[in-house]
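# Geometric and topological summary
Residues per chain, in single letters:
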Amino acid sequence: MNNDLSNLPGYRLCDYILAIQPHEELWNTIIQVKKEFAATYEAPSAECGKPQVTLLRFSQLQMMEDRIISRLKSIAMALPAFKIELKDFGSQPSHTIYLNVESKIPLQMAIKHLKTAQSLLKTKEQKPHFMEDFYITIARQLLPWQYEKGWLEYSHKHFTGRFIANNMLLLRKAEGEKNFQTVESFEFLNMPVVTTQGQLF
């Protein structure tokens, strides 16, 4: 008798990211920046990864997905759309270079609302990770020389961009998969959402 439940679809542990992605024109501009970095500093991984502002990362069993989607949808419905301003570059010493997000307050408010779903997002082993710093990654997991040379250049480079965040995306990667896939998009509707304990059908 095989007691390993992880082979059953619902019992698969998946990694999830909740993120906000820029509109197509800005997306393409950022992809171009990532490609240039990859070519200049021999960092092919810079071309991977989507241009996005990550709000939250968590791992959960796939069977919980419907409940999580339902909860995130009601949180998103209550949030207003807001503007995200990008300005110049920042870094996490020795491994990551990113685009700075200037408009932090609406993102912090979104996180505050998302924390109300915390109990759905945690497992015995892992708690959800709510972001405190907001940025769009250009290149990460850099070797020391790539970081040092790259940051020497990018610390003096300028970049500006802005977009309206009117939704957030839930991305999923199951064990053994290489890339995250979009599972659901949640619109920010700025509606007064009444949450009731019991649900009427």
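Throughout, a residue's number is its position along its own chain's written sequence, starting from 1. Reporting in this predicted model follows two pLDDT cut-offs: at least 70 for local features of residues, and 80 or more for side-chain atom pairs to be given and counted; totals over whole chains, interfaces and linings ignore these cut-offs and use all residues. Heavy atoms from the whole structure form the basis of all side-chain values; hydrogens and water molecules are not counted.

## Structural notes on the packing of aromatic side chains
The following threshold applies: Each aromatic pair joins two rings of Phe, Tyr and Trp (for Trp, the six-membered one) with centres within 6.5 Å, and gets the label stacked for planes under 30 degrees apart, edge-to-face for over 60, and tilted for any other angle. Numbering of helices and strands starts at the N terminus; helices are DSSP runs of H or I of at least 4 residues and strands are runs of E of at least 2. Relative accessible area decides the class of each residue, using a 1.4 Å probe on protein chains only: under 20% of the type maximum gives buried, over 50% gives exposed, and in between gives partly exposed. Criterion for a charge above a ring: Lys NZ or Arg CZ within 6 Å of the ring centre, and within 35 degrees of the ring normal.
Under the counting rule described, the total for this entry stands at seven aromatic pairs. For the ring pair Tyr16 and Phe58, a centre distance of 4.9 Å and an interplane angle of 10° mean the geometry is stacked. Within this pair, whereas Tyr16 is found in strand β1 (residues 13-20), its partner Phe58 is found in strand β2 (residues 53-61), the two being separated by 42 residues in sequence. We classify Phe58 as buried; its relative accessible area is 4%. One aromatic cluster is present, formed by Phe37, Tyr41, Phe89, Tyr154 and Phe159 through successive ring pairs. Its guanidinium or amino end placed over the ring of Tyr154, Lys157 lies 5.2 Å from that ring's centre, counting from NZ or CZ.

## Structural notes on the pattern of salt bridges
Rule in force here: Here a salt bridge means any side-chain nitrogen of Lys or Arg lying within 4 Å of a carboxyl oxygen belonging to Asp or Glu.
Overall, the coordinates contain five salt bridges when judged by the stated rule. Notably, a salt bridge pairs Arg162 with Glu85, separated by 3.2 Å at the nearest N-O pair. With Arg162 in strand β7 (residues 160-165) and Glu85 in strand β3 (residues 82-92), this pair connects stretches of sequence that are 77 residues apart. The partly exposed category is assigned to Glu85, whose relative accessible area is 21%. Put simply, Lys83, Glu85 and Arg162 are held in one network by salt bridges that share partners.

## Quick word on the side chain of Ser103
For clarity, the cut-off: The term polar contact refers here to a pair of N or O atoms within 3.5 Å; inside protein, the definition further demands a hydrogen-donor-capable atom paired with an acceptor-capable atom, and it admits residues adjacent in sequence only when both atoms are side-chain atoms. Working rule for contacts: check all heavy atoms of both residues, and any pair within 4.5 Å makes them a contact.
One can find Ser103 in the loop between β4 (96-101) and α3 (105-114). Taking relative accessible area as the criterion, Ser103 reaches 13% and is therefore assigned buried. Separated by 3.3 Å, the side chain of Ser103 and the backbone oxygen of Lys83 make a polar contact. In this structure the side chain of Ser103 is engaged in a polar contact, spanning 2.8 Å, whose partner is the backbone nitrogen of Glu85. Discounting chain neighbours no more than four positions away, the residues touching Ser103 are Lys83, Ile84 and Glu85.

## Digging into the sheet that holds β2
Here is the rule we go by: Only strands that DSSP links by at least two bridges are regarded as paired with each other. To get an axis, fit a line to the C-alpha atoms, keeping to the stretch in contact for a helix; angles then go from 0 to 180 degrees between the N-to-C directions.
Sheet architecture is open: five strands sit in the order β5-β2-β1-β8-β9, paired in antiparallel fashion. At either margin of the open sheet sits one strand with a lone partner, and together these are β5 (129-130) and β9 (181-187). Against the sheet, helix α2 (residues 65-78) contacts β1, β2, β8 (167-174) and β9, and its axis sits at roughly 35° relative to β9. Helix-sheet contacts for α3 involve β1, β2, β5 and β8, and the interaxial angle to β2 is about 15°.

In short, shape yes, function no, at least from these values alone.
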